[in-house]
Amino acid sequence: GNSVTQMEGPVTLSEEAFLTINCTYTATGYPSLFWYVQYPGEGLQLLLKATKADDKGSNKGFEATYRKETTSFHLEKGSVQVSDSAVYFCALSEVRADSNYQLIWGAGTKLIIKP
Amino acid sequence: DTGVSQDPRHKITKRGQNVTFRCDPISEHNRLYWYRQTLGQGPEFLTYFQNEAQLEKSRLLSDRFSAERPKGSFSTLEIQRTEQGDSAMYLCASSLGYRVSTDTQYFGPGTRLTVL
């Protein structure tokens, strides 16, 4: 079945460092791919998405490119801030034969940014 | 604020009691989802509605859980005879639901349930 694998955390970086959080997936068909972020004590927020191969999603300085050849959707940011400390979830949309769909989630990667 | 809202934000109850949570989706969204999330895990799908119809319910959901979405607007999730294992964050999300290939779910802040 479809699945999402994220790099294990926590990932600890210093402020202004370059960030990469790896996400790979297995899927049949052509799912949409998402990154959600969850700040402490809060619900999930959509960070960015890509709906087809080679699309690049971007928001708040974060970017991720839908790579079908490597089945990856790695999250990157050039210069992280303390306020980026959160848990990041990669997800894909699994479309069913009846046109319904579900989100398949990675386990989440906790990011800690130190000043 | 026109995002998804949930009430209450926190609920503490004793084992065996019933609890009910409410979710108000983004107004033009047709689909509404309920998830459960425990510490250090991703969301676990519980059920979803297309307008007022409950179209799917997770096999993991026991009969003690019931959800409604009367009139296709807000939704309620009720847990009867709560158990300590029900302690979790309950998340609600909504989406337009028109094109599944690009549909995007937007989440509320969640209701944190603690069963003593």
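Our structure is the block above this text.
Peer 1: Would you mind showing me how to read the overall build of chain B here?
Peer 2: Within chain B, the regular secondary structure consists of zero helices and 11 strands. Mapped from its N terminus to its C terminus, chain B presents α and β elements in the order β-β-β-β-β-β-β-β-β-β-β. Here the C-alpha radius of gyration of chain B, 14 Å, is about what a compact globule of 116 residues would show, namely 13 Å. Dimensions along the principal axes, computed over C-alpha positions, put chain B at roughly 40 × 30 × 25 Å. By the burial criterion, 48% of the 116 residues in chain B qualify as buried. Of the accessible surface of chain B, which amounts to about 6000 Å², a share of 46% is contributed by carbon and sulfur atoms. In chain B, 15 side chains carry a positive charge and 13 a negative one; their mean positions are 4 Å apart.

Peer 1: Quick question: what am I supposed to make of the nonpolar core here?
Peer 2: For soluble globular proteins, nonpolar side chains are generally found buried alongside one another. If you look at the biggest cluster of nonpolar residues, it comprises 27 residues, and the most contacted ones within it are Trp 35, Leu 47, Leu 48, Phe 73, Leu 75 and Tyr 88 of chain A. Of all the secondary-structure elements, those providing two or more residues to this core are β2 (11-14), β3 (19-21), β4 (23-26), β5 (33-38), β6 (44-50), β8 (62-65), β10 (86-95) and β12 (109-114) of chain A. Examining the composition of this core, we find that four residues originate from one element, β10 of chain A, more than from any other. Not counting residues up to four positions away in its chain, the partners in contact with Leu 75 of chain A are Leu 19, Thr 20, Ile 21, Trp 35, Leu 47, Leu 48, Phe 62, Glu 63, Ala 64 and Tyr 88 of chain A. Counting 19 residues, the second-largest nonpolar core is a separate cluster that includes Trp 34, Ile 79, Tyr 90 and Leu 113 of chain B.

Peer 1: Looking at this model, I keep getting lost on the interface of chain A and chain B. Mind explaining?
Peer 2: For an interface, size is often stated in terms of accessible area lost upon the parts coming together. Facing the 22 residues of chain A at the interface are 25 residues of chain B. Summed over both partners, the interface of chain A with chain B comes to about 1800 Å²; 49% of that surface belongs to carbon and sulfur atoms. At the junction of chain A and chain B, the tally comes to zero salt bridges. Counting across the chain A and chain B interface gives five residue pairs in polar contact (both at pLDDT 80 or more). A total of four residues in the side of chain A that touches chain B trace back to one element, the largest contributor, which is strand β11 (residues 101-105) of chain A. Split by residue class, the side of chain A that touches chain B holds 10 nonpolar, nine polar and three charged.

Peer 1: Any chance you could explain the side chain of Asp 86 of chain B here in plain terms?
Peer 2: All names here are of chain B. With respect to the helices and strands, Asp 86 occurs in the loop between β8 (75-79) and β9 (88-95). Judged by relative accessible area, which is 3%, Asp 86 ranks as buried. Contacts of Asp 86, omitting those with residues within four sequence positions, involve Arg 36, Arg 64, Phe 65, Ile 79, Leu 113 and Val 115.

Peer 1: Sorry, what's going on with the side chain of Thr 82 of chain B here?
Peer 2: Residues and elements named next belong to chain B. With respect to the helices and strands, the residue Thr 82 is situated in the loop between β8 and β9. One polar contact links the side chain of Thr 82 to the main-chain carbonyl oxygen of Lys 14, over a distance of 3.3 Å. Among the polar contacts made by the side chain of Thr 82, one reaches the main-chain carbonyl oxygen of Gln 17 at a distance of 2.9 Å. Excluding residues within four positions of it along the chain, Thr 82 makes contact with Thr 13, Lys 14, Arg 15, Gly 16, Gln 17, Val 19, Arg 64 and Val 115.

Peer 1: How should I be thinking about the sheet that holds strand β7 (residues 56-59) of chain A in this particular structure?
Peer 2: Neighbouring strands of a sheet are bound in pairs by backbone hydrogen bonds; such pairs are parallel or else antiparallel. All names here are of chain A. Within the open sheet, the four strands sit side by side as β3-β9-β8-β7. Their pairing is antiparallel. The open sheet has two edge strands with one neighbour each: β3 and β7. Mean inter-strand twist for the sheet, computed between neighbouring axes without regard to direction, equals 20°. Examined bridge by bridge, β7 and β8 share four bridges and lie antiparallel to one another. Looking at the pairing, Ser 58 lines up with Glu 63 of β8.

Cut-offs used in this document
Residues numbered from 1 in each chain as written. Chains lettered and ligands numbered in written order. Predicted model: local features only at pLDDT ≥ 70, side-chain atom pairs only at ≥ 80, totals over all residues. Heavy atoms only, no water. Helix = DSSP H or I, 4+ residues; strand = E, 2+ residues; numbered from the N terminus. Rg over C-alpha atoms; globule rule 2.2 N^0.38 Å. Buried < 20%, exposed > 50% of the residue type's maximum accessible area, 1.4 Å probe, protein only. Areas by Shrake-Rupley, 256 points an atom, 1.4 Å probe, with all protein chains shown as cover. Lys, Arg positive; Asp, Glu negative; His and termini not counted. Charge placed at Lys NZ, Arg CZ, Asp CG, Glu CD. Core = buried A, V, L, I, M, F, W, Y, C linked by side-chain atoms within 4.5 Å. Contact = heavy atoms within 4.5 Å. Buried area = accessible area lost by both parts, 1.4 Å probe. Salt bridge = Lys/Arg side-chain N within 4 Å of Asp/Glu carboxyl O. Polar contact = N/O pair within 3.5 Å; in protein donor to acceptor, adjacent residues only side chain to side chain. Nonpolar A, V, L, I, M, F, W, Y, C, P; charged D, E, K, R; others polar. Pairing = 2+ DSSP bridges. Axes fitted to C-alpha atoms, helices over the stretch in contact; angles between N-to-C directions.

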